[in-house]
Amino acid sequence: MRLIGKVAVVTGGAMGIGEATCLRFAEEGAAVVVADINEPAGQDTVRRITAAGGRALFVKTDVSKEDSVRQMVQATVAAFGSIHILVNNAAIFVLRGIDATPEEWRQILDVNVIGTSLVSKHVVPEIRKAGGGSIVNLGSISSFIAQPQFVTYNATKAAIATMTRCMALDLAPDNIRVNAVCPGTIWTQIVEKLAKEKGLTRETADTDPTWGGASMLKRVGEPREIANAILFLASEEASYVTGAHLMVDGGYTAV
Ligand SMILES: NC(=O)c1ccc[n+]([C@@H]2O[C@H](COP(=O)([O-])OP(=O)(O)OC[C@H]3O[C@@H](n4cnc5c(N)ncnc54)[C@H](O)[C@@H]3O)[C@@H](O)[C@H]2O)c1
């Protein structure tokens, strides 16, 4: 039980990597707040945690709206007393090239970049009050590489990589570590949808040369494999790790 006595906020905890992280944290003893715009899926995550004997609360949250974020933090503290861990996981996938409209740019910047900054801004005072803790941001292989027609998304993930280093520097005196987990292609609902659009199934996605086939391990990853890396960085096992980017990509970016 690596997170016993800890309170964790996971944005985008209703689905995919966020959902797997909420379940994994609860297994390790944390009280978990599922902060997401998707209420039915978020409540379902909470039901699965409580059915297994864990503690969890869904708070409907739009990370791009400051009032919504403020209310989420108030609801978390009212329910669980403090916050020790934040996972900035919520993101949208506006996948556009150089012809993206200003509206498309604003849409993705609002959620992926400004959303991460707003949640951090309002959660950090609570982590400070608790004497310190850990923030894990979701970067990506897309933080570091070029991918065709992905200018909008990759720009936001590159911003997350730099924000992680800057936040780590600024928050070190408060005993708050800030790191990023950078997944390769992970089989979540959104990735399954993108795969279908390209005519790929789970099996062919594993071997396709631009999907799983591009990794050393020759497969796409599972949400729980990312949740395990997030758990490590969130826990005291990573007590001397800050400002780091942990690639969890089956070796994709190492070749
Ligand atoms: N799946 C992958 O292959 C992959 C690879 C690299 C990085 N990532 C990163 O991992 C994270 C999770 O990805 P995923 O595949 O699980 O995505 P997903 O679409 O399955 O889940 C994202 C969650 O965020 C929520 N969300 C969206 N906008 C929100 C908002 N404004 N406020 C609150 N919640 C909001 C959604 O409702 C959803 O529950 C993202 O940051 C993504 O960039 C994913």
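Residues numbered from 1 in each chain as written. Predicted model: local features only at pLDDT ≥ 70, side-chain atom pairs only at ≥ 80, totals over all residues. Heavy atoms only, no water.

**Q** Would you mind going over the site of the ligand with me for this structure?
**A** Around the ligand there are 30 residues in total, and Asp36, Asn89, Tyr153, Ile186 and Thr188 lie nearest to it. Note that an oxygen atom of the ligand is positioned 2.6 Å from one of the side-chain N or O atoms of Asp36. Contact between the ligand and Thr61: a nitrogen atom at 3.3 Å from a main-chain N or O atom of the residue. For the ligand, whose accessible area on its own is 830 Å², the fraction buried by protein is 94%. Elements with a minimum of two residues in the shell around the ligand: α1 (16-27), α5 (151-171) and α6 (189-197). Take the shell around the ligand: its biggest share by element is 3 residues, from α6. A breakdown of the residues in the shell around the ligand according to their chemical character gives 16 nonpolar, 11 polar and 3 charged. (Near = heavy atom within 4 Å. Polar contact = N/O pair within 3.5 Å; in protein donor to acceptor, adjacent residues only side chain to side chain. Areas by Shrake-Rupley, 256 points an atom, 1.4 Å probe, with all protein chains shown as cover. Helix = DSSP H or I, 4+ residues; strand = E, 2+ residues; numbered from the N terminus. Nonpolar A, V, L, I, M, F, W, Y, C, P; charged D, E, K, R; others polar.)

**Q** Explain the environment of Ser235 to me, please; I cannot follow it from the model alone.
**A** Mapping Ser235 onto the fold places it in the loop between α8 (223-234) and β7 (245-248). With 182 residues separating them in the primary sequence, Ser235 and Gly53 have C-alpha atoms 21 Å apart. Beyond its immediate chain neighbours, meaning those up to four positions away, Ser235 contacts Arg2, Leu3 and Arg177. From its side chain, Ser235 meets the backbone oxygen of Phe232 in a polar contact 3.0 Å long. (Contact = heavy atoms within 4.5 Å.)

**Q** Explain the domain arrangement of the protein here, please?
**A** As assigned here, the protein comprises domain 1 (7-184 + 222-247) and domain 2 (185-220). Facing 12 residues of domain 1, the contacting portion of domain 2 comprises 10 residues. Taking both sides of the interface into account, the surface hidden between domain 1 and domain 2 amounts to around 850 Å²; carbon and sulfur atoms contribute 61%. Interface area lost by domain 1 to domain 2 is led by Phe93, Gly184 and Glu222, which between them contribute 48%. Linking domain 1 to domain 2 there are 2 salt bridges. If you list the elements that add at least two residues to the side of domain 1 that touches domain 2, you get α1 and α8. (Domains from an automatic or database assignment. Buried area = accessible area lost by both parts, 1.4 Å probe. Salt bridge = Lys/Arg side-chain N within 4 Å of Asp/Glu carboxyl O.)

**Q** Which parts of the structure should I look at to understand the packing of aromatic side chains?
**A** Any aromatic ring pair is given by two values, namely how distant the centres are and how the planes are angled relative to each other. Considering all chains together, one arrives at 2 aromatic pairs under this definition. Both rings, one in Phe93 and one in Tyr153, keep their centres 5.2 Å apart while their planes meet at 25°; by these two values the pair is stacked. One end of the pair, Phe93, is in the loop between β4 (85-88) and α4 (102-129); the other, Tyr153, is in helix α5, and 60 residues separate them in sequence. The exposure class assigned to Phe93 is partly exposed, which follows from its relative accessible area of 36%. Pairing Phe150 with Tyr153 gives two aromatic rings, centres 6.3 Å apart and planes at 85°, and the pair type is edge-to-face. A residue is classified by how much of its surface remains accessible, and Phe150, at 23% relative accessible area, is partly exposed. By relative accessible area, Tyr153 is classed as buried at 9%. Through a chain of ring-to-ring contacts, the aromatic side chains of Phe93, Phe150 and Tyr153 assemble into a single cluster. (Phe/Tyr/Trp six-rings, centres within 6.5 Å; stacked < 30°, edge-to-face > 60°. Buried < 20%, exposed > 50% of the residue type's maximum accessible area, 1.4 Å probe, protein only.)

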